Amino acid sequence: MLIGLLTAVAASACYGTGSVLQAVGSRKSARREAAAASTTGLTQHGGPSLSSTAKAAVTWEFMVGTVLDFIGFGLGALAARLLPLFLSQTVISANLVITAVLSIKLLGIRLNAREWVSIGVVCSALVLLATAAGPEGGGDASTATHWWLLVASVLVIGGGTLIVRLLGSRAAILAGLLSGLGFGALGVGVRVLNGIDPFHLSTLLADPALYAILVAGVGGMYLHTVALQIGSVNGATAALVVGETVVPGILGVLWLGDSSRPGFAWMAILGFVVAVAGAVAVAWFGEPEGGTEATGTASHDGSTAPVHATEAGAATEDGTRAPDRAAAGS
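Residues numbered from 1 in each chain as written. Predicted model: local features only at pLDDT ≥ 70, side-chain atom pairs only at ≥ 80, totals over all residues. Heavy atoms only, no water.

1. Quick word on the overall build of the chain
Part 1 of the argument: When helices and strands are tallied, the chain shows twelve helices and zero strands.
Part 2 of the argument: Within the chain, the proportion of its 330 residues that are buried is 53%.
Part 3 of the argument: For the chain, the share of sequence-separated contacts (at least 6 apart) that also reach a separation of at least 24 residues comes to 79%. (Helix = DSSP H or I, 4+ residues; strand = E, 2+ residues; numbered from the N terminus. Buried < 20%, exposed > 50% of the residue type's maximum accessible area, 1.4 Å probe, protein only. Contact = heavy atoms within 4.5 Å.)

2. Remarks on the side chain of T245
Part 1 of the argument: With respect to the helices and strands, the residue T245 is situated in helix α11 (residues 233-255).
Part 2 of the argument: Once you skip the residues sitting within four places of it in the chain, T245 turns out to touch Q89, T90, S93, F272 and V276.

3. Concerning the packing of aromatic side chains
Part 1 of the argument: Per the counting criterion, the structure on display carries zero aromatic pairs.
Part 2 of the argument: For R261, the ring lying beneath its charged end belongs to F264, and the centroid distance is 4.3 Å. (Phe/Tyr/Trp six-rings, centres within 6.5 Å; stacked < 30°, edge-to-face > 60°. Lys NZ or Arg CZ within 6 Å of the ring centre and 35° of its normal.)

4. Regarding helix α4 (residues 85-93)
Part 1 of the argument: Here α4 lies mainly inside the structure; nine of its nine residues are buried.
Part 2 of the argument: Buried within α4 we find L85, F86, L87, S88, Q89, T90, V91, I92 and S93.

5. Describing the pattern of salt bridges
Part 1 of the argument: All told, the structure shown has one salt bridge when counted by the stated rule.
Part 2 of the argument: Across the pair R191 and D258 runs a salt bridge whose closest N-O atoms are separated by 2.5 Å. One end of the pair, R191, is in helix α8 (residues 172-192); the other, D258, is in the loop between α11 and α12 (265-285), with 67 residues separating them in the sequence.
Part 3 of the argument: Residue R191 is classed as buried on the basis of its relative accessible area, which comes to 5%. (Salt bridge = Lys/Arg side-chain N within 4 Å of Asp/Glu carboxyl O.)

6. Here's the deal with the packing of α4 against helix α6 (residues 113-132)
Part 1 of the argument: It is the contact of α4 with α6, at a shortest axis distance of 10 Å, that shows an interaxial angle of 155°. With respect to α6, the element α4 is oriented roughly antiparallel. Here α4 and α6 pass one another in a crossing that is left-handed. On α6, the residues touching F86, L87, T90 and V91 of α4 are L126, L129 and A130. (Axes fitted to C-alpha atoms, helices over the stretch in contact; angles between N-to-C directions. Parallel < 35°, antiparallel > 145°, perpendicular 65-115°, else oblique. Left-handed = near helix turned anticlockwise from the far one by under 90°.)

7. Describing the environment of A277
Part 1 of the argument: Among the secondary structure elements, A277 is positioned in helix α12.
Part 2 of the argument: Take A277: its relative accessible area is 45%, and that puts it in the partly exposed class.

8. Some thoughts on the confidence of the model for the chain
Part 1 of the argument: Of all residues in the chain, 74% have pLDDT values of 70 or greater, and the mean over the chain is 75.
Part 2 of the argument: Long-range and interchain partners of residues 289-330, a stretch whose pLDDT sits below 50, account for 105 contacts in this model, where long-range means more than four residues apart. (pLDDT = per-residue confidence, 0-100.)

9. Quick notes on the nonpolar core
Part 1 of the argument: One finds F86, L87, L126, L129 and V282 to be the most contacted residues of the largest nonpolar core, which totals 31 residues.
Part 2 of the argument: Looking at this core, the elements that each hand over two or more residues are α1 (2-35), α4, α5 (95-106), α6 and α12.
Part 3 of the argument: In terms of residue count, the dominant contributor to this core is α12 (seven residues).
Part 4 of the argument: Residue contacts for L129: discarding those within four places in its chain leaves F86, L87, T90, A268, G271, F272 and A275.
Part 5 of the argument: Listed in part, the 18 residues of the second largest apolar core include L85, V190, A209 and L256. (Core = buried A, V, L, I, M, F, W, Y, C linked by side-chain atoms within 4.5 Å.)

10. Here we look at the environment of E244
Part 1 of the argument: Note on placement: E244 falls in helix α11.
Part 2 of the argument: A relative accessible area of 2% means that E244 is categorised as buried.
Part 3 of the argument: Separated by 59 residues in the primary sequence, E244 and A185 place their C-alpha atoms 7.8 Å from one another.

11. Let's talk about a nonpolar patch on the surface
Part 1 of the argument: Nonpolar side chains collect at one region of the surface, where F199, L201, L205, Y211 and L214 lie side by side and expose about 510 Å² of accessible area between them.
Part 2 of the argument: Mapped by element, the contributors of at least two residues to the nonpolar patch are α9 (201-206) and α10 (208-229).
Part 3 of the argument: Assessed through its relative accessible area of 45%, L205 is described here as partly exposed. (Patch = residues over 30% accessible without salt bridge, like charges linked within 9 Å, V, L, I, M, F, W, Y side chains within 5 Å. Areas by Shrake-Rupley, 256 points an atom, 1.4 Å probe, with all protein chains shown as cover.)

Okay, structure coming up:
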């Protein structure tokens, strides 16, 4: 249990740090598109095109963030096999807290009182969850379940990508939710994957869950990038937290035999609900006042004035970068 918890915390740290860097890269790419008055950076519905998203993915900040995401993925996969999903996914989703705290130093953001309260709520809820969690289930599932996981992943990512492209600039929260569902499916897939222990390559390659992991992981990353490029990042992040924690947590209990310690079910439920609510609050209360219409500007002495969601990460007049208000979690 302790090793699993430490692994999940390490994964959360990687995801949280990577999110800040990815947000920087995504916004930098969007600014370049806007400065060049590019018409290829947007779809006809106002959302980022595939080429625009690809350009964001090759900025150095985004690439470093992606490396951290891969490390976080490996650690998260191990945690998913060592802990009940309702615990491992919730701890990993707490990367929002790490992102918020790191943003104080890396992005020059000042957290308000509600954000600090939300961070405290998340940390307290994680203590409840860790106290109440019992052993993880066996992870045994029928072959049909593995196929259903693959089908669900394809429908969520494929259908979701089409809908997001049609909605364009209005799709930030939906993209965040769908990316969260993708990451949640990835966690379930890792848990049920055959051919890992003991390792057997042919069994691994024949398992539909492996391809569900690939579809959900790649698709979730793409939708996460889109969510970072569109409108308010904070609302999209809140939706991502719900998608990547609630669904896999429920599936872990119903399908995989995850459970709490005897007599501690109420504490596990309370900790789970409060942790998700707190993570959503961290993202939501990070939304700057005044909506998404205002933009960041530089003061005469070169310091940065408040930056609002749609222009988070914009450059100041002297070429320095204004701080992002918040970055999304993976």
